[in-house]
Amino acid sequence: MNTRAEQHKKVRIVPMNGDHLDEVAALERVCFPDPWSRSMLAEELDNALSAFLVALDETGAVAGYAGLQVILDEGYILNIAVRPDCRRQGVAGQLIQVFLDFARGNRLAFLTLEVRASNYDAIALYGSRGFRESGRRRNYYEHPREDAIIMTLDLSGEGGAP
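We now turn to the structure provided with this report. The structure displayed is predicted, hence computed values, not measured ones.

Structural notes on the packing of aromatic side chains
Counted by the stated rule, this structure contains 5 aromatic pairs. When the ring of tryptophan 36 is compared with that of phenylalanine 52, the centres are 5.9 Å apart and the planes differ by 50°; the resulting orientation is tilted. Highlighted residues: tryptophan 36 in the loop between α1 (21-31) and α2 (38-45) and phenylalanine 52 in strand β2 (residues 50-56), separated in sequence by 16 residues. Exposure class is identical for tryptophan 36 and phenylalanine 52. Each is buried. One aromatic cluster is present, formed by Trp36, Phe52 and Tyr65 through successive ring pairs.

If you want it as structure tokens, here you go:
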């Protein structure tokens, strides 16, 4: 089996733009039972509170994407999705790292997200970045019905807002 370092996929992370919408919408349909539509994603491009990133592989195709919404000093990670053939290669971690760097650089008090209770790989990834379970939303997800684990990374002790 390859080590984690050997599995690190080289991607270029850039802001999502209109040219990426078809691929990101297709990725949503592959990754989520209740995907965001292309129009929902397009609306986020005009949302001053949101920042969406894409990870482009060596061919320029979307390997993954992530969205962040910032309200005052609070960061909410909205979506993270990685193409199935690119999973377990560090793509999600690289996207999260950009948000972590942004949060610290902009002195956000915390970053938070929701994850399916059965998504053990994602929970482990977020935990490795310092996120901790801070709550649960019962029956939050549908298809199948499942709880959401709320995970939060408290940055207030790092010079963020009090």
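Back to the text.
What to know about the side chain of histidine 20
Turning to its location among the elements, histidine 20 is positioned in the loop between β1 (12-15) and α1. Judged by relative accessible area, which is 8%, histidine 20 ranks as buried. Discounting residues that sit within four places of it in the chain, histidine 20 has contacts with Val14, Pro15, Val54, Leu56 and Val62.

Topic: the environment of valine 91
Within the element layout of this structure, valine 91 appears in helix α3 (residues 91-105). As a C-alpha pair, valine 91 and arginine 38 span 53 residues in sequence and 22 Å in three-dimensional space. Apart from the residues lying within four places of it in its own chain, the contact partners of valine 91 are Lys9, Val11, Ala55, Ala63, Gly64, Val82 and Cys86.

Rules used in this analysis
- For every chain, the first residue of its written sequence is number 1, and the numbers climb from 1 along that sequence.
- Totals for whole chains, interfaces and linings use every residue, but because this is a predicted model, local features are given only for residues with pLDDT of at least 70 and side-chain atom pairs only at 80 or more, for both listing and counting.
- To obtain the side-chain values, all non-hydrogen atoms of the structure were included, while hydrogens and water were left out.
- Stacked, tilted and edge-to-face are the three classes assigned to paired rings of Phe, Tyr and Trp, where Trp is represented by its six-membered ring and a pair needs centres within 6.5 Å; plane angles under 30 degrees give stacked, over 60 edge-to-face, the rest tilted.
- Runs of H or I in DSSP of at least four residues are treated as helices and runs of E of at least two as strands, each being numbered from the N terminus.
- For every residue, the accessible area obtained with a 1.4 Å probe (protein chains only) is divided by the maximum for its type, and the residue is called buried under 20%, exposed over 50%, and partly exposed between those limits.
- Contacts were defined at the residue level, with two residues in contact if any of their heavy atoms lie within 4.5 Å.

In short, shape yes, function no, at least from these values alone.
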